[in-house]
Amino acid sequence: MKNFFVKMQGLGNDFIVFDARQTQLNLTHDRIRALTDRRMGIGADMVIVLRAPRNVPDAAVFMEIFNFDGSEVGACGNATRCVAGLLMPESVDGTVIIETLAGRLLARKLSDGMISVDMGMPKFKWQDIPLKSENNTENMDLGMPGLPPAMAVNMGNPHAVFVVENVEAIDLERYGPLIENHPLFPERTNVEFMQVEGPFQLRVRVWERGVGVTPACGSGACASALVAMRRSLINGLRAAVKLDGGVLVIEWQQ
């Protein structure tokens, strides 16, 4: 049986998307790793599989999200934007509801053609990140020499955000895997290094859980903006987050 796919990207964060709403598709971890391999396969950060909704009757699809290493995750902002763009021709009102492991996500097509996604309520309690044990999620010392304490946020997936003076000076290849696999995070974590560049602008670099260095991460941009807002490092509840792959505009609707 042939399975057709679409290759998509959001700010360079790239995905292999399968529509399995009316076809059979079974992907093993080994198959996912083969597909995402950039030399021997198609190449991508993640594999996305669209299936019939499970528990959200008004959803267009249930979106399965698999990392480069084959692990399944609950949310991905850029993948949600891509899938919403793919499904928007099926919409009658310019909105698409997408069901994920993290819950119900509402996507809208804006007047300029861009796709906006409501990523849901952020979580800050240690149990919800989750952390292995009780900890102050606003100020976590992970014992990493040369790094400040981190702040933890769950945006449908866990994030550890570090505020630094110069993100370009941070060795992502060194610190990323150490923090991702830190024993405090039983489900591992995404890692963001954030620099404040202005009253409404942030510079962020990302180490994505199960993937590595990526040019962009939608949920990571959200987590970073939330940290900046909660610490009053920027003005208001709207920020332009400049990632390696481009800029995402994040707004916190409290």
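Residues numbered from 1 in each chain as written. Predicted model: local features only at pLDDT ≥ 70, side-chain atom pairs only at ≥ 80, totals over all residues. Heavy atoms only, no water.

### Structural notes on the layout of surface pockets
Then, number 1: There is about 880 Å³ of room inside the largest pocket.
Then, number 2: Lining the largest pocket are 29 residues, and of these Ser-116, Val-117, Val-249, Ile-250 and Glu-251 lie nearest its centre.
Then, number 3: Sorting the residues of the lining of the largest pocket by element identifies helix H2 (77-87), strand S7 (103-109), strand S8 (115-118), helix H4 (218-230) and strand S15 (246-251) as the ones contributing at least two each.
Then, number 4: No other element matches the five residues that S15 contributes to the lining of the largest pocket.
Then, number 5: Residue classes in the lining of the largest pocket are distributed as 17 nonpolar, six polar and six charged.
Then, number 6: Volume-wise, the second largest pocket comes out at about 330 Å³.
Then, number 7: In this structure, the second largest pocket is lined by 22 residues; those nearest its centre are Leu-101, Ala-102, Asn-154, Gly-156 and Asn-157.
Then, number 8: Looking at the lining of the second largest pocket, the elements with two or more residues in it are strand S5 (72-73) and S7.
Then, number 9: Split by residue class, the lining of the second largest pocket holds ten nonpolar, six polar and six charged. (1 Å grid on protein atoms, 1.4 Å probe; cavity = no way out; pocket = protein on both sides within 12 Å on 5 of 7 lines; lining within 4 Å. Points joined across faces, edges and corners; volume = space filled by probe spheres on them. Helix = DSSP H or I, 4+ residues; strand = E, 2+ residues; numbered from the N terminus. Nonpolar A, V, L, I, M, F, W, Y, C, P; charged D, E, K, R; others polar.)

### Re the nonpolar core
Then, number 1: Core analysis: the largest hydrophobic core is formed by 51 residues, its most contacted members being Phe-15, Ile-48, Leu-50, Val-83, Leu-202, Val-241 and Leu-243.
Then, number 2: Sort the elements by how many residues they give to this core and H4 lands first, with eight residues.
Then, number 3: Excluding anything up to four places from it in sequence, Leu-243 contacts Leu-11, Arg-203, Val-204, Val-206, Pro-215, Ala-216, Cys-217, Ala-221 and Leu-248.
Then, number 4: Core analysis: the next-biggest nonpolar cluster, separate from the first, contains 21 residues, Met-140, Leu-172, Val-191 and Trp-207 among them. (Core = buried A, V, L, I, M, F, W, Y, C linked by side-chain atoms within 4.5 Å. Buried < 20%, exposed > 50% of the residue type's maximum accessible area, 1.4 Å probe, protein only. Contact = heavy atoms within 4.5 Å.)

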